[in-house]
Amino acid sequence: MGKMIDLTASDGHKLSAYRADPSGKPRGGIVVIQEIFGVNSHIKAVTDGFAADGYLAIAPSMFDRVQKNVDLGYSPDDIAKGREVRGKVTNDMAVKDASAAIQAAASAGKVGIVGYCWGGLVTWLCAGKSAGLACAVPYYGGGILDNADLAPKVPLMGHFGEKDAHIPADGVRNLAKKYSQHQIFIYAADHGFNCDQRGSYNAPAAKQARERTLGFFLQHVG
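K.L.:
Would you take a moment to explain helix α3 (residues 91-105) for this structure?
P.N.:
For an α-helix, 3.6 residues make a turn, and residues three or four places apart therefore share a direction. The terminal C-alpha atoms of α3, which comprises 15 residues, lie 21 Å apart, in line with the 21 Å expected from a rise of 1.5 Å per residue. Buried residues of α3: A94, V95, D97, A98, A100, A101, I102 and A105, and no others. Elements in contact with the buried residues of α3: β1 (3-8), β2 (14-20), β3 (29-33), β4 (56-60), β5 (111-116) and α4 (118-129).

This is the structure we're talking about:
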């Protein structure tokens with residue numbers, strides 16, 4: 001359904017991205033930020049899903065600065081490799097590369113951003129730093145609590161798991177209190193609950209979070 005395209009970040013870095021187009025006129029644009037596993041089959045499926053819902057959806061290859069064409073699975077070895085590559089990508093690089101995708105998606109109208117796992121952190125950072133966004137939806141972004149003082153500049157909806165060992169639920173509840181004007185949800189689920197290729201997949205939580213996300217995009221993007 002989708003195709004690979006090239007983007008250029010503000011510092012001249014060229015990166016690839018997976019682009020999926022809706023069948024009719026797009027309602028707007030959605031930028032999808034990967035986990036630590038690259039733009040793999042799961043992220044492409046998620047991107048295709050947003051296109052099927054009527055949006056121009058773009059998933060930038062956030063690891064291209066370190067290594068091109070990273071496409072990992074979810075084995076322990078893949079996790080180790082993903083963490084190693086992710087460790088070489090600074091927050092500044094990530095925001096620049098996400099911003100290149102935001103600009104590209106703007107051809108379709110207003111732009112929302114959604115990210116999963118590490119992409120959730122990037123989504124949070126973009127909500128506070130990037131121009132051109134209408135809203136942001138981070139899923140269980142490790143590192144969000146460490147960046148809690150960076151206030152979102154756009155409406156934000158966060159999805160977290162109560163059983164997530166990486167992100168203490170008490171910290172998430174404090175975040176929700178601090179930013180009570182935004183919507184922060186906690187599910188009876190573990191880290192990575194949206195990914196149907198992971199053992200932590202939780203179908204009811206994934207479905208409810210996706211329905212909430214689509215309603216949010218309908219309201220803020222179109």
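Back to the text.
K.L.:
Can you help me understand unusual backbone geometry in this one?
P.N.:
Negative phi characterises most residues that are not glycine, and trans characterises most peptide bonds. Look at N69: it is not a glycine, yet its phi comes out positive at around 55°. Considering the arrangement of structural elements, one finds N69 in the loop between β4 and α2 (76-86). For N69, a relative accessible area of 69% corresponds to the exposed category. Phi angles above zero are rare outside glycine, and C117 is one such case at about 60°. Along the chain, the position of C117 falls in the loop between β5 and α4.

K.L.:
Sorry if this is basic, but what is going on with the state of the cysteines here?
P.N.:
Evaluation of the coordinates by the stated rule reveals zero disulfides. Free of any disulfide, C117 has its nearest neighbouring cysteine sulfur in C195, separated by 9.4 Å. C126 supplies the cysteine sulfur nearest to C135, a cysteine that is in no disulfide, at a spacing of 12 Å. Using a relative accessible area of 0% as the deciding quantity, one classes C135 as buried.

K.L.:
How do you make sense of the packing of aromatic side chains when you look at a structure like this?
P.N.:
Two aromatic rings, taken as a pair, are described by how far apart their centres are and by the angle between their planes. Following the criterion strictly, the structure yields ten aromatic pairs and no others. A ring pair is formed by Y139 and Y140, whose centres lie 5.7 Å apart and whose planes are at 75°; its orientation type is edge-to-face. Accessibility expressed as a relative area gives 1% for Y139, which makes it buried. When its relative accessible area of 0% is taken as the criterion, Y140 is described as buried. An aromatic cluster is present here, built from Y116, Y139, Y140, Y187 and F193 joined pairwise through their rings. For the cation-ring pair, R210 lies above F50, with the distance from its terminal atom to the ring centre recorded as 5.3 Å.

K.L.:
Explain the packing of α3 against α4 here, please?
P.N.:
The angle between the axes and the distance between the axes are what describe a pair of packed helices. At a minimum axis separation of 10 Å, α3 and α4 run at an interaxial angle of 75°. If you check the angle between α3 and α4, you find them roughly perpendicular. Packed against α3, whose contacting residues are N91, A94, V95 and A98, the element α4 presents W118, L121, V122, L125, C126 and K129 at the interface. Classifying every residue of the contact of α3 with α4 by side-chain character gives eight nonpolar, one polar and one charged.

K.L.:
Would you mind showing me how to read the pairing of β3 here?
P.N.:
The two faces of the sheet receive side chains in turn, since in a regular strand these alternate between them. Burial runs high along β3: five of the five residues are buried. With three bridges joining them, β3 and β4 adopt parallel strand pairing. Its bridge partner lying in β4, G29 is registered against L56. On the question of chirality, the crossover connecting β3 to the parallel β4 by way of helix α1 (residues 41-52) is right-handed. Bridge count for β3 against β5 is five bridges, and the pairing is parallel.

The rules behind the values
Residues numbered from 1 in each chain as written. Predicted model: local features only at pLDDT ≥ 70, side-chain atom pairs only at ≥ 80, totals over all residues. Heavy atoms only, no water. Helix = DSSP H or I, 4+ residues; strand = E, 2+ residues; numbered from the N terminus. Expected span 1.5 Å × (residues − 1). Buried < 20%, exposed > 50% of the residue type's maximum accessible area, 1.4 Å probe, protein only. Contact = heavy atoms within 4.5 Å. Disulfide = S-S within 2.5 Å. Phe/Tyr/Trp six-rings, centres within 6.5 Å; stacked < 30°, edge-to-face > 60°. Lys NZ or Arg CZ within 6 Å of the ring centre and 35° of its normal. Axes fitted to C-alpha atoms, helices over the stretch in contact; angles between N-to-C directions. Parallel < 35°, antiparallel > 145°, perpendicular 65-115°, else oblique. Nonpolar A, V, L, I, M, F, W, Y, C, P; charged D, E, K, R; others polar. Pairing = 2+ DSSP bridges. Right-handed = clockwise from strand over helix to strand, strands pointing away.

Remember that the coordinates give geometry; whether it matters functionally is a separate question.
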